[in-house]
Structure formats: C-alpha cells, structure tokens
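Each chain, written out:
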Amino acid sequence: MNAPQDAALDVQHDTVYLKDYQPPVFKVNTIDLTIQIFATETLVESKLVMQRQSAGDLVLLGHELELLQITLNGEALTAQDYELDDERLTLKNAPDACELITKVRIHPETNTQLDGLYLDQTADLFVTQNEPEGFRKITFFPDRPDVLTVYTTRLEADKKYPVLLANGNLIEKGDLADNRHYAIWHDPTYKPSYLFACVVGHLAVKKDTFTTGEGRKVALEIYADAQDIDKCDVAMQAVKDAMTWDEQHYGRYYDLDIYMLVSVNQFNAGAMENKGLNIFNTACVLSKPEVTTDSSNLYVKSTIAHEYFHNWTGNRITCRDWFQLCLKEGFTVFRDQSFAATLQSPFVQRIDDVSYLKSVQFAEDAGPMSHPPRPDHFIEINNFYTATVYDKGAEIIRMLANYLGPEKFRKGTDAYFNQHDGQAVTVEDLIQSLSDGSGVNLRNFLPWYSQPGTPVVSGEGHYLADTQTYTLRLRQATPKKPNYAEPQPLPIPVSMALFDRQNGALMLEQVILLDQAEQQFTFNDIKAEPIVSLLRDLSAPVLLDFKYSDEELAFLLKYETNGFNQWQAEQQLLERILLQGHRADIYLQSMLTTLPEVAATDPLLASNLLDIPSENYVASRIDKDYSPDVVHEQHEALLNALARELSDFWPKAYAAMPMVPYEDTSAAMGVRAWRNDVLAMAARAGIADALTWASNQYDKASCMSERLGALRVLVNHDALDAQAKLDDFATRFAKEDLAMDLWFSVQAGKTGATVAQARQLTQDARFDWGTPNRIRSVTGALAGHPTQVWTREGMQFYADMTEKMDSKISNLASRLLQNLSRWYTLQEPIRSEAKNILLALKPKVKSSAVVEALNNILKAGEPS
C-alpha cells in the first residue's frame, strides 16, 4: 500500500480529553418538548429556558436535524443570527437569560443506528436510546451529562399507537383531530438529557403496585408486545425485590408515583435506566421457563435490579462528564451483583462475576483496547461501554467495601447520597464522600481509576518451625500500556488464610494491604507448617502468580472453606496445565474425589467446578506466537481426560437426578445445571446411552434449560436425531424470538462449526440484520471457536460483518471488529493475513466507533 493512498483513506475524528473539561456556559432551567410523530417524519419543538453561568457562546448540539424555526426571547431568528453546521447550533452574544424555541424535522422511521428516536421495525414501535449522545438527534440541546433540567414532554401520534409514554408523571391526555391523540408527562426531578425517554406504540401492559418504606404508593407498569406479556411475571417480582433490597441495604427509596419498564426487540444495549421509564432489550426483561434458560432468568432479575439501582447511582447522582462513566456503572454493577448473591449461592454468584471478569475484562486489559476504568481521552465514547468500565469499576467498589467493612461502607455511601443528590459528580467526589462517611482516607485508591492493565501479584512463603513464624513476600507489577505513564504500585487488599498442611485446619484469616512494589509480611505463633490461600474471594482484580506446587493447589481445592475459593484454586491449577504444560494427573485425581463430594451437597457449585478456562481466555494470556490449533488441542485433551477419568461416575450422577416439575429456586437451578453438565461429559466420555438420555431429556423437558442442554449435546455429537430435534425446536418456538436466538446460537457454536455454516445462518430467512440479538446469536457463538475465527475465512467474516454494520449500527460494528483485536499475537503466516484483512477494511468504514477501534487494533501490531 503506498503512503499517499493510505493517508487519503484515513477518516479523521476529533479526540476528546478529560483535561479539557469546562463547565457548561448556560444552565437549562426547564425544557418543554412537543414531539409530533407522523408516518414519514417527526416534528420536534423544544423550549429551553436558560441562564448564563459563565462567559462564552451559547452552543447547542444537534445531529441529523433539519432546522425549521428558531426564536430567541420571542423574536424569530434568521440564518444570519446564528451559525449552524452538522453537529452544533451556535448563538454568539446570547443574552444572559434566554428562552430559545426551536422546531426541527427528524426521521426516526429511517434511523437504523438505534439511538436517538428510532422505529423498531419488528414491532412498529417508536423508542428512544439517548445514552450517551442520542438526544442531540432529537432536538438542539447542550447534550452533556452535567446539564440537568426539568422536562415536560407532550407526545402526539395517530391513535393506532395507543401507548404514549415519557419520563415522570402523566399530567394530561386527550384526543386531537385526524384520529390523533396526545399525552403530557412532567418529570419533577432534574436529569441530564441522556436520561430522557419516550415510547410510542401498541403495547400490552402488566400492572402492579409497591409501597415504599416512606409510604409512597408506586404504580408499577411493564409494557411489552401482547404475546410477551405472560413473560413479564419474573421482571415484575424482580422490580419489587430490588426496591425492597435497596431500601434495606442502602436506605434508598423511590421518588416518583410511577415506575415503567418497556420491552424492545431492536435495542442495541442491554437496558437503559431512563428516569422512571426504563427501556429493556427483550432478552433482559422477558422470562418464562418454557422459552428462556435459568441463566437468562437470573440475568433478567439482575438487570432489572441494575436499572432500578441506577435511580440513585446514575440518575439522582449522575456523571459530570462521560469520562466518569465508571462512577455510575461500576457502583451499580457492584450493587446488582450484591443483589444477585441473594438469588443464588453467594459463592456461585462470585464465581459467575469473576469468571466473566477474567474471560472478558482481563482479556480486554491484555489487548489493544485496554484503558483505565476512567479513560483520559476518547474519540467515540460508545467504545468505552466496556467490561473495564463496568466490571473492573465494580471490583474497585467491592475492594473499597470489603476494605472498609459493612458498617463503615454504609456510612460512606450515605454520605455520598446526602452530599451529592441532584448533582453531576466525579470519581474524586465518590472517594471523598466514602472517606468522609467512613472516617478512612481512601484517596490512595484513586490510581485504580486512572491506570490501565491488570496487576500481577507474585511471591512466595517460608515457614520457620523453630520460631513458629511464617513469612510471606509479595510483589506487584502492572504491564505498561502505550501512551500511558509508567505504572505505579497500587493499594491491593489481599484477603488470605493459613491452613494446616497436615490436616487442612484453618489457622488464620486476615486482610493485608500490598501497596508497595514489594513487601514482606510476618505471622507469628503459627504452630504448624501452613499452606497459604491468597486473594480469597478475589479481594482485588489482579492476576496471581504465587509459587504454589500443583499439590498445594489441589490441597486448597479440597480444604478451602467456601466454594469460590475452591473454584479459584482449581482455576489456578487448570491455568498451569493449559498455559505452562503441567501434567494433569494431580488435577484429575483431585477431581475424582472432590467433584462427587461437592455434587452431593451443592450441584450448582459442582457444575461450576467443571468450568475449564475457555480457549479465548487462554489465548488472552499468550502475548506472541499464539497457535489456536495448539491451544484447542490442549483444551480438548484436558476435557477428554476429565470425562474419561470420571466415566464411571457420570451414569450414576445422571440417574440420581430424575426429571421433576419446574421450580424457580436456586436449588432447582443447580440440579438442572449439573444434570446438563453431567450429560455433556457422559457424551464426551463416549458412554453408550448418553445420546439416548439427551434425546429423552429433550422430549420430556419442563423448561428451556433442560431442553437446550439436551439439544446442545445432540447437535455437538451429531446424533442421528439432531436435525430432527433442531427442526422440532424451530417449529415449536417459531414465534418466540428469544428462543430462536438460541436456535441460531446452538448451530453457530456447535463442536466443529465452520465459518461457512455461520455465513449460511446469516442468509436464513429468519435472520434479521436489524436486530442486534439475532446478529450476536451467530457472531458471538462462532467467536467461541478460535480455530475458526483465526483463519482467512473467519477473519474475513468478521471484517465483512463490521463493514456491513458500520453504516447501520456502528456501535455493534465496533464490537464485532473487536473479535479480531488480538491478531498481533498470532503465529505467522496467519498474523500477516490478519493485518492485511484489517488494512483492507480501513477505506470501507467511516463511523467514529469503528475507525477508532480499527486504528487501535492496528497500532497494537506496531513495534513498541
């Protein structure tokens, strides 16, 4: 490629820097919106009442708006009175007090990006998604999170759309001429523009009420397509449970007379916490045992809670700027994880959280998209709705909560809510409030928010029998990332325990603080030689490289006192096998005795103990000369060895779990998960009747978890009736979109799936290019097969998908592209092929989200 051509093809987008933050020039006291929806256009009139706060121009942001009228303090303006370009409307010399009225034309019926106001084509439903910068596609406004105002919204539409919803309380509704009607909503709370929402369509509603601890009776309403309203029972109960939990654990009460949730099929995010009007992807709000799995059911409950918890951590207290995104998301993820721990075993919930953290966030931190929880610059903020912001952000809050203890943490959060209610704040404000309330200075934890990369804690221990002392030496190191300063030591709380090496007795439990590059800790009066357990409950989001022997890790798997710590010891042992080539004998022997014991008392934990680190996770720990085939062979060999080692156990375990009627309990969920895992391992072990068990389980299933578990086994092992069961599934659930997503996923993710098969699935008449869930059902499943992704055909598949979606749903396109982010770690010649495919994509994409991601991914391959 010649240099002039390469330069000409680069699309330029502005970089935004945290250091350049300036407060808004104007405060918006109120906004009155009138949104008139017609078949081929929508007219939006806004009246902004504003007051100057500092010197400067009045700048309103707007994108893809056709300006029809503008008046300032009652006087019509002409084009000579303002400056207008593709992104902003500027008024110079605006008076200190302004009443600005604009009228614009927009086209939600052709908006495929799924932000701003758009039409869900599958449901003929007008809906908004304004976080982070969608409101500027509705009307001219200072569209930034630190501009909070009071909204009054008038919606007008044809009566074929009987539902007209917006934030706040309904204050008026009525009929209009030409078979139209209107509704006026008023939200008395100050909120930023990203929390504005409206929904216009034909929806059914499920209603209930909740009385808060303060005595407010709140109307609860969940809106969904009529055929889905019977799938809203779980969500309704989750709302009430979340409201109760937040009152009990944080003293937070709901503050409006109505709380509404809306189910939307074509929704790119999981859900959106718009004040009083939460909008959900169908996968995050609909649940019914016949149609959705146990994991989906649990995800619905935790997502419902997450969006409700945002009412305080995100809405009433919001972000000063988008660099502070982890402020609201990290805190709220921690809260929803804590809530979810009441729905199932807290040990298993912690396993779920850490498993996702390690497989997604640690991998992100190891790749070209690595960034701090609070980045210091971005081109496209949508690229920073990441596991680092959400999940590492949550781990930082968890660190602080555990470091302070429950009582002091509650005092700290009370101070945060009392000091900053109604404000747009920063990470520093949160840390200061937690410090003020708890009486513990936490400012030394601030570097966690600004330093990228996953720290590695290493060390060794030594016992002196004659002095009965145990000495622990620990070190920490964080890999340096391009364009960031040299990493500094971080404060790392290390939860630890000592166990008697002879009998497994617990000798000591303690939290120590590693806040230097290297430290030594000495423990006295240790009567017998111990084995140390470190980072219990993953007390900090770090990797551990301690000098354990394999036998010591097997010891911890047997004797640790909670299920998470057992799982963590097992994972360390598995990583040694998969990454360092250790023999599997000790692991297999340990599982031979431990797994049946655990299964007898905690099937859900036993199911989690069968989790082998994924091939993608293993790949994320390899920095160069990565061979997907070698990793795959090692991974399969370990799974096969485990299946064979316990081949006598699987039939007994499966027979001990007869099919029973469905129950929505943690215990029942654990049995179903364990049964599916046993079935999969029995089939892998080649047990003669395993596929017959699977076929019978499919036919007699009482819920989707049982049916899908059986179907996966049949499809993965090319059972004689696999295609018949797939056909039955497609017929049985033809009108159930969420179930059909599973149908696509099972085939794209099957053992031995090929890129050609994935492409064929995207050509199926039931595949919808406008629905992110359906797209991810194929691309996400195939991504679990690195041996297919990292071929010329696989890489071209993701490049083609990125190009196709760039102009349709650019945020989704950026996520698809990131499947290729670790191309630079590959062996040759596939590494060079990957680079050529990525370079060939450059002139074909234009959106800021994809351009930023592509440039970062390509830079990762440059010499450091």
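Below, the structure is looked at part by part. Fair warning: this is a prediction, and the values are worked out from it, not measured in the lab.

### Things to note about the pairing of strand β8 (residues 88–91)
Pairing geometry for strand β4 (residues 58–61) and β8, over four bridges, is antiparallel. Each residue of the ladder has a partner; that of L60, found in β8, is L89. Relative to β8, strand β7 (residues 83–84) is paired through two bridges, and the arrangement is antiparallel. Residue E83 lies in a different strand from β8, and its bridge partner there is T90. The hairpin turn running from β7 into β8, its antiparallel successor, is three residues long.

### Notes on the layout of surface pockets
Space inside the second largest pocket adds up to approximately 1,500 Å³. Residue lining of the second largest pocket: 45 residues in total, with G367, P368, S370, K481 and P482 positioned closest to the centre. Listing elements by their share of the lining of the second largest pocket, those giving two or more residues are α5 (346–365) and α28 (848–859). Top element by residues in the lining of the second largest pocket is α28. It accounts for five residues. Its residues assigned to classes, the lining of the second largest pocket shows 18 nonpolar, 16 polar and 11 charged.

### Quick notes on the environment of K700
As for its position among the elements, K700 is in helix α18 (residues 690–700). K700 sits in the exposed class, given a relative accessible area of 60%. For the pair K700 and A465, spaced 235 residues apart in sequence, the C-alpha to C-alpha distance is 61 Å.

### A closer look at helix α10 (residues 550–559)
Among the 10 residues in α10, seven count as buried, and that is most of the element. By the burial criterion, the buried members of α10 are D550, E552, L553, A554, F555, L556 and L557. Lining the buried residues of α10 we find β27 (492–500), β30 (530–534), α11 (563–580), α12 (585–601) and α13 (603–609).

### Some details on the sheet that holds strand β19 (residues 258–264)
Reading across the sheet, the five strands line up as β17-β18-β19-β21-β20 and stay open at both edges, with mixed pairing between neighbours. The open sheet has two free edges, formed respectively by β17 (204–211) and β20 (271–272), since each of these has just one partner strand. Pairing of β20 with strand β21 (residues 277–281), which is carried by two bridges, proceeds in the antiparallel orientation. Within the sheet, the bridge partner assigned to M272 lies in β21 and is I279. Contacting β17, β18 (217–224) and β19, helix α2 (residues 233–250) runs over the sheet at an angle of about 25° to β17.

### Side note on the sheet that holds strand β13 (residues 163–166)
Reading across from one edge, β10-β11-β16-β13 is the order of the four strands in this open sheet, with antiparallel pairing throughout. Looking at strand neighbours, the two that pair on one side only are β10 (116–120) and β13, the edges of this open sheet. Between one strand and the next, the sheet's axes are offset by a mean angle of 15°, whatever the strand orientation. Alignment of β10 against strand β11 (residues 125–129), held across five bridges, turns out to be antiparallel. When the bridges of β11 are listed, G116 appears paired with Q129.

### Here's the deal with the packing of α10 against α12
Running from N to C, α10 and α12 cross one another at 5°; their axes reach a closest spacing of 10 Å. Judged on the interaxial angle alone, α12 and α10 are roughly parallel. Each of D550, E551, A554, L557 and K558 in α10 lies in contact with α12, whose residues at this interface are I586, S590, M591, T594 and E597. A per-class count over the contact of α10 with α12 returns four nonpolar, two polar and four charged.

### So, the packing of aromatic side chains
Taken as a whole and judged by the stated rule, the model has 37 aromatic pairs. Ring centres of F649 and W650 lie 5.6 Å apart, and the angle between their planes is 55°; this geometry places the pair in the tilted category. A network of ring pairs unites the aromatic residues W245, Y250, Y254, Y259, Y308, F309, W312, F331, F339, Y416 and F417 as a single cluster. The ring of Y17 carries K19 above its face, with NZ or CZ at 4.9 Å from the centroid. The cationic tip of R335 hangs over the ring face of Y250; the distance from NZ or CZ to the ring centre is 4.6 Å.

### Some details on the pattern of salt bridges
Within the structure shown, the criterion is met by 61 salt bridges. R759 is the salt-bridge partner of D800, the closest N and O atoms lying 2.8 Å from each other. One end of the pair, D800, is in helix α25 (residues 792–806); the other, R759, is in helix α22 (residues 755–762), and 41 residues separate them in sequence. For R759, a relative accessible area of 29% puts it in the partly exposed group. Through salt bridges with shared partners, one network takes in D228, D230, K231, K288 and E736.

### Looking at the side chain of S847
Relative to the helices and strands, S847 is located in the loop between α27 (830–841) and α28. Engagement of the side chain of S847 in a polar contact is seen with the side chain of D806, the distance being 2.5 Å. A distance of 3.3 Å separates a polar side-chain atom of S847 from the backbone nitrogen of V850. The contact partners of S847, leaving out residues within four places of it in the chain, are H13, D806 and S810.

### Thoughts on α18
Among all positions in α18, only A690, W693, A694, S695, Q697 and Y698 are buried. At its buried positions, α18 is contacted by α16 (649–655), α17 (666–684), α19 (704–716) and α20 (722–732).

### Brief notes about the pairing of strand β14 (residues 169–176)
For β14 and strand β15 (residues 180–191), the ladder comprises seven bridges, and the chain directions are antiparallel. By the bridge assignment, E172 is partnered in β15 with I184.

### Digging into the nonpolar core
The biggest cluster of nonpolar side chains holds 275 residues, and the ones touching the most others in it are L472, L474, Y587, W650 and W674. Non-local contacts of L472, meaning those with residues more than four positions away in its chain, are made with E460, G461, M496, I512, Q519, Q520, F521, F523, L534 and F546.

### Observations regarding unusual backbone geometry
That bond from E131 to P132 is cis: its omega, 5°, falls within 30 degrees of zero. Position of P132 relative to the elements: it lies in the loop between β11 and β12 (149–158). Of note, the phi angle at E64 is positive, near 60°, even though the residue is not glycine. Checked against the element boundaries, E64 lands in the loop between β4 and β5 (66–72). Residue E64 is classed as exposed on the basis of its relative accessible area, which comes to 56%. Here D537, not a glycine, exhibits a phi torsion of approximately 60°, which is positive. Counting through the fold element by element, D537 comes out in the loop between β30 and β31 (543–546). For D537, a relative accessible area of 31% corresponds to the partly exposed category.

### Side note on the environment of A235
Structurally, A235 can be placed in helix α2. Expressed as a C-alpha distance, the spacing of A235 and I304, which sit 69 residues apart in the sequence, is 6.6 Å. Contact partners of A235, with chain neighbours within four places excluded, come to I222, V285 and I304.

Definitions and cut-offs
Each residue is numbered by its place in its chain's sequence as written, counting from 1. Note on the predicted model: pLDDT of at least 70 is required for a residue's local features to be given, and 80 or more for side-chain atom pairs to be given and counted; whole-chain, interface and lining totals, by contrast, use all residues. Computation of side-chain values: all heavy atoms of the structure, hydrogens and water removed. A pair of strands counts as paired when DSSP detects no fewer than two bridges linking them. Helix and strand labels come from DSSP, where a helix needs a run of H or I of at least four residues and a strand needs a run of E of at least two; each type is numbered from the N terminus. Put plainly, a pocket is an open set of points on a 1 Å grid over the protein atoms alone with protein on both sides within 12 Å along at least five of seven lines, a cavity is a set where a 1.4 Å probe fits but cannot get out, and a lining residue has an atom within 4 Å of a point. Grid points are joined across faces, edges and corners, and a volume is the space filled by probe spheres set on the points. All amino acids are sorted into three groups, where Ala, Val, Leu, Ile, Met, Phe, Trp, Tyr, Cys and Pro are nonpolar, Asp, Glu, Lys and Arg are charged, and the leftover types, Gly among them, are polar. Burial classes follow relative accessibility: with a 1.4 Å probe on protein chains only, a residue under 20% of its type's maximum area counts as buried, one over 50% as exposed, and anything between as partly exposed. Only heavy atoms matter for contacts: two residues are in contact if any of them lie within 4.5 Å across the pair. Axis angles are defined between N-to-C directions and span 0 to 180 degrees, where every axis is a line fitted to C-alpha atoms and, for a helix, only to the segment in contact. Relative orientations are named as follows: roughly parallel for angles under 35 degrees, roughly antiparallel for angles over 145 degrees, roughly perpendicular for angles from 65 to 115 degrees, and oblique for any other angle. A pair of Phe, Tyr and Trp rings is counted when the ring centres sit within 6.5 Å of each other, with Trp represented by its six-membered ring. The angle between the planes then sorts it: under 30 degrees is stacked, over 60 is edge-to-face, the rest tilted. Note on criteria: charge over ring means Lys NZ or Arg CZ within 6 Å of the ring centre, with the direction from the centre no more than 35 degrees off the ring normal. The term salt bridge refers to a side-chain nitrogen of Lys or Arg lying within 4 Å of a carboxyl oxygen of Asp or Glu. Side-chain atoms alone can form a polar contact between residues adjacent in sequence; in general such a contact is a pair of N or O atoms within 3.5 Å, and within protein one must be able to donate a hydrogen while the other accepts it. By nonpolar core we mean a set of buried residues, namely Ala, Val, Leu, Ile, Met, Phe, Trp, Tyr and Cys, connected to one another through side-chain atoms within 4.5 Å.

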